[in-house]
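Chain and residue survey
These are the residues of each chain, in order.
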Amino acid sequence: MSNSDADSLFASHPTWMELDAHALHHNLAQIRKRINPEVKVIASVKANGYGHGIIPVCKILQEAGVDMLTTGSFYDAKALRNAAINIPIIMLGGSLPSGMLELIEANLIPTIYNMEAANAANAAADSLHSDKKIPLFIKVDCGMGRLGVNLNNAVAFIERVSKLKNIWIQGLYTHLSFKNESGMEFAEKRLSLFYNLVSELEKRGYEIPITQALASSAITVRWKDQCSAICPGHILFGLPSVNSSLGEIKEFLPVCKNIKTRVIHIADHENGPAIGTGGYHINRSFSRTCVVPFGLNDGNRSSLNGKKPVVLFKGARLAVLGVSLEHLTLEIPDDTEINIGDTITIIGQSGDECIDMGEYSSWFNTSELETMLTLSGRMPIVVINKDEAV
């Protein structure tokens, strides 16, 4: 995007995110290389597409041919339907039984894990007077201790649900995420129990078309799978889900290519106040400062433990003096020529310098995903590299 484009689009508040369509296509292709051709890809787009913007992300994924989407946000799912996203959408658990009718009417696939929700879905389907049974997914808790029907009760639960006349079980899934070696060992043991469950159901004559257990962590460490689908999230967006000691994701590209802003004010303090006296003058080393509109309200934060954030300008690093609700104040070296409207890179590449999501997140002692969720929904999104997305 050129400066003139940014002028016309964001002059009133010139801070924006650049979403790389090519990177999203590339990452999906990398994931598909790790699975058999017949395995379905259920793209996890939870939490506003992991902070990247649910609608632009899913438009790209629809073009790329993902099989299904999944999210926990009813409002995100409705926004996708209103944006002509027609891929099947699985709703992760998050609804009361009384919300089943609204989900089904919106052409969304409910997840159930108790009979209250199953009976409500069955009644909702009956009230629509459709000739077709309504699909749903069942989630099994294989050990995370979070959400799902208890593994020990899963067979009996599925037997009860399968008798309901207006719904049918399209999918069965579990979630076993991990970050470190001990978590991986636990997840691997529990995963085998899910495979045993699937085998037991098949022996009993239950044909569930879609089974899914592996997500980003397991895909990163290249586990072999016995299910018919996978559900990548983190790595789809080029975000790490495990410690680097377990697996690298160098072949995956960051989908959030850049966070950029533009200079709205330049000040020269040569005649005072003096360096070290007060305010932002306490820490400055040069006479000039500038301000960009990237404050706490835009998803920025104050650094922790004495860490010193920087930004990029024409391939050089400029020191951050402070962040306020609406603004970020920087200092300008004496030999740097800078003007109102010049572009500042918060995250991304500028010349030979780069601030990646990992470095940026380290200033705030947080993960890359948490950084994205802090930025989520705070600024306009521009999709770049559409022509390279193949």
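What you are looking at is a predicted structure, and each value in this text was computed from that prediction instead of being measured. (Residues numbered from 1 in each chain as written. Predicted model: local features only at pLDDT ≥ 70, side-chain atom pairs only at ≥ 80, totals over all residues. Heavy atoms only, no water.)

**A look at a negative patch on the surface**
Residues Asp268, Glu270, Asp334 and Asp335 make up a contiguous surface patch of negative charge. A residue is classified by how much of its surface remains accessible, and aspartate 268, at 48% relative accessible area, is partly exposed. (Patch = residues over 30% accessible without salt bridge, like charges linked within 9 Å, V, L, I, M, F, W, Y side chains within 5 Å. Areas by Shrake-Rupley, 256 points an atom, 1.4 Å probe, with all protein chains shown as cover. Salt bridge = Lys/Arg side-chain N within 4 Å of Asp/Glu carboxyl O. Lys, Arg positive; Asp, Glu negative; His and termini not counted. Charge placed at Lys NZ, Arg CZ, Asp CG, Glu CD. Buried < 20%, exposed > 50% of the residue type's maximum accessible area, 1.4 Å probe, protein only.)

**What to know about the pattern of salt bridges**
Scanning the entire structure with this criterion turns up seven salt bridges. Note that arginine 317 is salt-bridged to glutamate 359, the shortest N-O span being 2.7 Å. Here arginine 317, found in strand 15 (residues 316–323), pairs with glutamate 359, found in helix 11 (residues 357–362); they are 42 residues apart in sequence, far enough to count as distant. Since its relative accessible area comes to 33%, arginine 317 is described here as partly exposed. Linked by salt bridges that have partners in common, Arg34, Arg222 and Glu251 make up one network. (Helix = DSSP H or I, 4+ residues; strand = E, 2+ residues; numbered from the N terminus.)

**Regarding the side chain of asparagine 122**
Tracing the backbone shows asparagine 122 in helix 7 (residues 115–127). Of the residues examined, asparagine 122 reaches a relative accessible area of 13% and is grouped as buried. Ignoring any residue separated from it by four or fewer positions in sequence, one finds asparagine 122 in contact with Leu164, Lys165, Asn166 and Ile167. (Contact = heavy atoms within 4.5 Å.)

**Some points on the pairing of strand 2 (residues 40–44)**
When you tally the buried positions in strand 2, you get four out of five residues, the bulk of the element. The sheet contact formed by strand 2 and strand 10 (residues 229–230) spans two bridges and is parallel. Along strand 10, the bridge assignment pairs valine 41 with isoleucine 230. As paired strands, strand 2 and strand 3 (residues 68–71) are joined by three bridges and run parallel to one another. Bridging across to strand 3, serine 44 finds its partner in threonine 70. (Pairing = 2+ DSSP bridges.)

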